[in-house]
Each structure stands twice: as structure tokens, then as C-alpha cells.
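These are the residues of each chain, in order.
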Amino acid sequence: LLLVKACYKMVGLDSVQQGHFTFAEVRPLTGRKHQIRAHLASLGRPLVSDAVYGHQAFAADSRWCPRLFLHCSRVTLRDIDGQLCRAEAPLTPDLMRALGSLRTANFRA
């Protein structure tokens, strides 16, 4: 059993077909490999298009989201001099399209 630490906040809920999807903001407290993926899957909320931890929904997910729906919007690190360096990135176009198709399907239902 691997214990992971993360803070998470559910910031939205959407649905498509019979499923429900939660838009979550996650802040890992430790740097374990696959931490976010494993932790959310253990809560019954695997990431969209996750072939490893969300394998039961992978085929359905990959029809509208062609890759793992995971994005790092902000990271803060210390440089070699100990100064904080922060980088930010908006959601990528492919994930924006996937999110848009999810919202479109939800409003048609």
C-alpha cells in the first residue's frame, strides 16, 4: 500500500452520456510517480483517458478525449541560487477541445 498526500478541490461537475466527470484542482504534497492518477482512482474518480488507472472507462473516454486529461497549470521550483521560479501554462488546445465536447454533450442531454 502506497500512501500519498495531496490537496484537492472539486471545482466543477459535468456529465456526458451516463457518466459524471469532476473538474478538480489537485496540489501534490509529495512527488510520487503517478500520485495524482493513483490517488484519484482510489477515490473512484480516475482521470479521463487513463489506460492504467481508469482502464474500465478508457475506451469510452478516448472517443472524446484522445489523451490523458492531466495538465500542470502552475509549478514553482527553486533555482540553483535558491530563488523561487514559477511557471504557468494555460490548458492545452487538445484538452480545451475535449472539455468543450464534454460541455456540448451535457447541454444536449
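Just so it is clear, the structure is predicted and the values come from calculations on it, not from any experiment.

Looking at the overall build of the chain
Step number 1: When you go through the chain residue by residue, the secondary structure sums to three helices and four strands.
Step number 2: Traced from its N-terminal end to its C-terminal end, the chain shows the element sequence β-β-α-α-β-β-α.
Step number 3: Burial status across the chain gives 22% buried among its 109 residues.
Step number 4: Summarising the internal contacts of the chain: among those between residues at least 6 apart in sequence, 33% fall at separations of at least 24.
Step number 5: Put simply, the chain shows about 8100 Å² of open surface, and 57% of that area lies on carbon and sulfur atoms.

With respect to the pairing of strand 4 (residues 84-88)
Step number 1: Counting buried residues in strand 4 gives zero out of five residues, a small share hidden from the surface.
Step number 2: Pairing geometry for strand 3 (residues 74-78) and strand 4, over five bridges, is antiparallel. Bridge assignment links Arg 74 to a residue of strand 4, and that residue is Glu 88.
Step number 3: Linking strand 3 back to strand 4 in an antiparallel pair, the connection comprises five residues, with Gly 82 at a positive phi of about 90 degrees.

Remarks on the pattern of salt bridges
Step number 1: Enumeration according to the criterion identifies three salt bridges in this entry.
Step number 2: The salt bridge partner of Arg 37 is Asp 50, with a shortest N-O separation of 2.6 Å. On the criterion of sequence distance, the pair formed by Arg 37 in helix 1 (residues 35-42) and Asp 50 in the loop between helix 1 and helix 2 (58-64) is long-range, its members being 13 residues apart. Each member of the pair, Arg 37 as well as Asp 50, is classed as buried.

Quick look at the side chain of Arg 37
Step number 1: Residue class for Arg 37 comes out buried when judged on its relative accessible area of 14%.
Step number 2: Here the side chain of Arg 37 touches Asp 50 through a polar contact of 2.6 Å, side chain to side chain.
Step number 3: In this view, Arg 37 contacts Leu 47, Asp 50, Val 52, Tyr 53, Leu 68 and Leu 70; residues no more than four positions away in its chain are not counted.

Focus: the environment of Ala 57
Step number 1: With respect to the helices and strands, the residue Ala 57 is situated in the loop between helix 1 and helix 2.
Step number 2: The partly exposed category is assigned to Ala 57, whose relative accessible area is 33%.

With respect to the confidence of the model for the chain
Step number 1: The predicted model of the chain has a mean per-residue pLDDT of 78, with 75% of residues at 70 or higher.
Step number 2: When mean pLDDT is taken per element in the chain, strand 4 scores highest with 94 and strand 1 (residues 6-16) scores lowest with 52.

Focus on the nonpolar core
Step number 1: Residues Phe 21, Val 48, Trp 64, Cys 65, Phe 69, Leu 95, Ala 98, Leu 99 and Leu 102 constitute the largest nonpolar core, which totals nine residues.
Step number 2: In terms of residue count, the dominant contributor to this core is helix 3 (residues 93-108) (four residues).

Rules used throughout
- Residues numbered from 1 in each chain as written.
- Predicted model: local features only at pLDDT ≥ 70, side-chain atom pairs only at ≥ 80, totals over all residues.
- Heavy atoms only, no water.
- Helix = DSSP H or I, 4+ residues; strand = E, 2+ residues; numbered from the N terminus.
- Buried < 20%, exposed > 50% of the residue type's maximum accessible area, 1.4 Å probe, protein only.
- Contact = heavy atoms within 4.5 Å.
- Areas by Shrake-Rupley, 256 points an atom, 1.4 Å probe, with all protein chains shown as cover.
- Pairing = 2+ DSSP bridges.
- Salt bridge = Lys/Arg side-chain N within 4 Å of Asp/Glu carboxyl O.
- Polar contact = N/O pair within 3.5 Å; in protein donor to acceptor, adjacent residues only side chain to side chain.
- pLDDT = per-residue confidence, 0-100.
- Core = buried A, V, L, I, M, F, W, Y, C linked by side-chain atoms within 4.5 Å.

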